[in-house]
Amino acid sequence: EKLVEEQGMTRLLHFEQQLTVVLAAMEHDGIAIDRQGVEDFGVYLSEQIEEMQQMVYDEAGHTFNIGSPKQLGEVLFGEMQLPHGKKTKTGYSTNADILEKLRGEYAIVDYVLKWRQYAKLKSTYVDGLSKVIRADGRIHTCFKQTETRTGRISSTEPNMQNIPVRTELGKEMRKFFVAPRGRILLDADYSQIELRILANLCEDANMQQAFLSGADIHASTAAQVFGVPREAVTPQMRSAAKAVNFGIIYGIGAYSLSQDIGVSVREADRYIKRYLENFPRVEQFMTRIVEDAERTGFVSTLFGRRREVPELKSHNKIQQAAGRRIAMNTPIQGTAADIIKIAMIRVYRRLAREQLDARLILQVHDELIVEAAVQDADRAAVILREEMEHAWDMAVPLTAEVGKGESWYAAKG
């Protein structure tokens, strides 16, 4: 306690202790799952895996173990002489980056990537979830409060934080998390919480104004970065600006950004420089954070959560660069994690206080999921939004979108 007090983390510890009750209730309640749906999806994936496997064999002219990087590398780069083959000690590299460069040009590569996607979904999610459905027809994940370095909650058995959302097929998994008869799921998601926190912490007037006016932040950024009026912003410009907005939080460099949005390194460098000219306080804030961390050896969130950054003292340049990225990102991501924890405590207590038949059952990064009886769902949705939006008062307000549906997929909209 003395150490916690000396380091200014008493309030933080208080939140974490209150949160244990909430997480225990969530673990106890679990989330209902459509067992039959999961099994049917597994059968579908098995068929797709077999079909892709056959396509790969037809292209290669013989059978081999697609799951073996060594054999796959030999077929693609040895026998078929595809470009970008990089030989390592163990054979050719077949990692995703290399195969992605060949996607669309060589049919066999497209089939291999699809085979990998189906195989991953089947083994990790379908087989993985099927093993952990309890007798009550629900999955009870285990939440961890002290696992991550940024303060985010993590979960295991199963890990609910990495249910895939990037691909259409991955999103299908959310259809199997359901509400029992007579109940409904509410899904609330913070809108761009990390960018809002950055706008608060760095106190950049331009950035704060974009949020306060209710504008689309990515379109506003695009207009400033590309020097065009808002109405002239194209979808491509917006998507490049979005990559810059989120990249800045992670201390992205011109090379990484160029890879992400498919432009030259020079062009990417120009975007970053323009961005920092338009939002001058962002660069000052990031520089100050890194300098403070180099001096003190740690960074902290708005609520005082500390993270040591020994990488900054390393003699290795790559380690040092990683340390700088950690120093820039942790105060933002960590503050977002702290705020969602406060929101969870508030939602949990208010649902209990108003005696609604509704309970908080899941948290995934910036998203909270409540299961409610149909008659209490509208009231619970109001509570969910209010408590998330008022979890912490800042110069730039927090906003949360709430959806409802009979499955996580439907509620997510």
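This text follows the structure it describes.
Not measured: the values here are computed from a predicted model.

Asks: Let's hear about the packing of aromatic side chains: which residues, and what values?
Replies: Per the counting criterion, the structure on display carries 9 aromatic pairs. Centroid distance F77 to Y92: 5.6 Å. Interplanar angle 45 degrees. Geometry classified as tilted. A residue pair is termed long-range when its members are at least 10 positions apart, and F77 in helix α4 (residues 69-79) and Y92 in strand β3 (residues 91-92) qualify at 15 residues. We note that F77, like Y92, is buried. On the numbers, 4.6 Å between centres and 75 degrees between planes, the contact of F303 with W392 is edge-to-face. Of the two residues, F303 is situated in the loop between β9 (298-300) and β10 (306-308) and W392 in the loop between α16 (377-389) and β13 (400-405); the sequence distance between them amounts to 89 residues. The class of F303 is buried, set by a relative accessible area of 2%.

Asks: Requested: an account of the environment of L302, with residues and values cited.
Replies: Following the sequence through the fold, L302 ends up in the loop between β9 and β10. In contact with L302, not counting residues within four places along its chain, are R11, L201, T335 and W392.

Asks: I'd love a proper account of the layout of surface pockets, names of residues and values included.
Replies: Approximately 1100 Å³ is the volume found for the largest pocket. At the level of elements, β8 (183-190), α8 (193-202), α11 (235-249) and α17 (408-412) are the ones that each hand at least two residues to the lining of the largest pocket. If you tally residues by element for the lining of the largest pocket, the top one is α17, at 3 residues. Looking at side-chain class alone, the lining of the largest pocket contains 11 nonpolar, 8 polar and 11 charged residues. The computed volume of the second largest pocket comes to approximately 400 Å³. Lining the second largest pocket are 19 residues, with G251, I252, L276, E283 and M328 positioned closest to its centre. Elements supplying a minimum of two residues to the lining of the second largest pocket: α13 (265-278), α14 (280-296) and α15 (317-353).

Asks: Summarise the pattern of salt bridges; cite the residues concerned and give the values.
Replies: Applying the stated criterion across every chain, the model contains 29 salt bridges. The salt bridge involving R152 is made with E194; its shortest N-O contact spans 3.7 Å. Within this pair, whereas R152 is found in the loop between β5 (142-144) and β6 (154-156), its partner E194 is found in helix α8, the two being separated by 42 residues in sequence. On the accessibility criterion, E194 (8% relative accessible area) is buried. Between R183 and E371 there is a salt bridge, and its shortest N-O distance comes to 2.6 Å. Of this pair, R183 sits in strand β8 while E371 sits in strand β12 (residues 367-373), placing them 188 residues apart in sequence. Look at E371 and you get buried, because its relative accessible area is 0%. Because the salt bridges share partners, they merge into one network encompassing D29, R138, R183, D357, R359 and E371.

Asks: Please set out the sheet that holds strand β7 (residues 177-178) residue by residue, giving values where relevant.
Replies: Taken together, 3 strands build an open sheet; the order of strands is β4-β1-β7 and the sheet is antiparallel. The sheet terminates laterally at β4 (138-139) and β7, the two strands that pair on one side only. Here 2 bridges tie strand β1 (residues 31-33) to β4, and the two strands are oriented antiparallel to one another. Looking at β4, one finds that I31 is bridged to I139.

Asks: Please set out unusual backbone geometry residue by residue, giving values where relevant.
Replies: Omega for the bond connecting E157 with P158 falls within 30 degrees of zero, at -5 degrees, which places this linkage in the cis form. Note that P158 resides in the loop between β6 and α7 (168-171). The backbone of E157 sits at a positive phi, close to 50 degrees, despite the residue not being glycine. One can find E157 in the loop between β6 and α7. The exposure class assigned to E157 is exposed, which follows from its relative accessible area of 61%. A positive phi angle is found at Q192, which is not glycine, with a value near 45 degrees. Assignment of secondary structure puts Q192 in the loop between β8 and α8. Residue Q192 is classed as partly exposed on the basis of its relative accessible area, which comes to 22%.

How each quantity is defined
Residues numbered from 1 in each chain as written. Predicted model: local features only at pLDDT ≥ 70, side-chain atom pairs only at ≥ 80, totals over all residues. Heavy atoms only, no water. Phe/Tyr/Trp six-rings, centres within 6.5 Å; stacked < 30°, edge-to-face > 60°. Helix = DSSP H or I, 4+ residues; strand = E, 2+ residues; numbered from the N terminus. Buried < 20%, exposed > 50% of the residue type's maximum accessible area, 1.4 Å probe, protein only. Contact = heavy atoms within 4.5 Å. 1 Å grid on protein atoms, 1.4 Å probe; cavity = no way out; pocket = protein on both sides within 12 Å on 5 of 7 lines; lining within 4 Å. Points joined across faces, edges and corners; volume = space filled by probe spheres on them. Nonpolar A, V, L, I, M, F, W, Y, C, P; charged D, E, K, R; others polar. Salt bridge = Lys/Arg side-chain N within 4 Å of Asp/Glu carboxyl O. Pairing = 2+ DSSP bridges.

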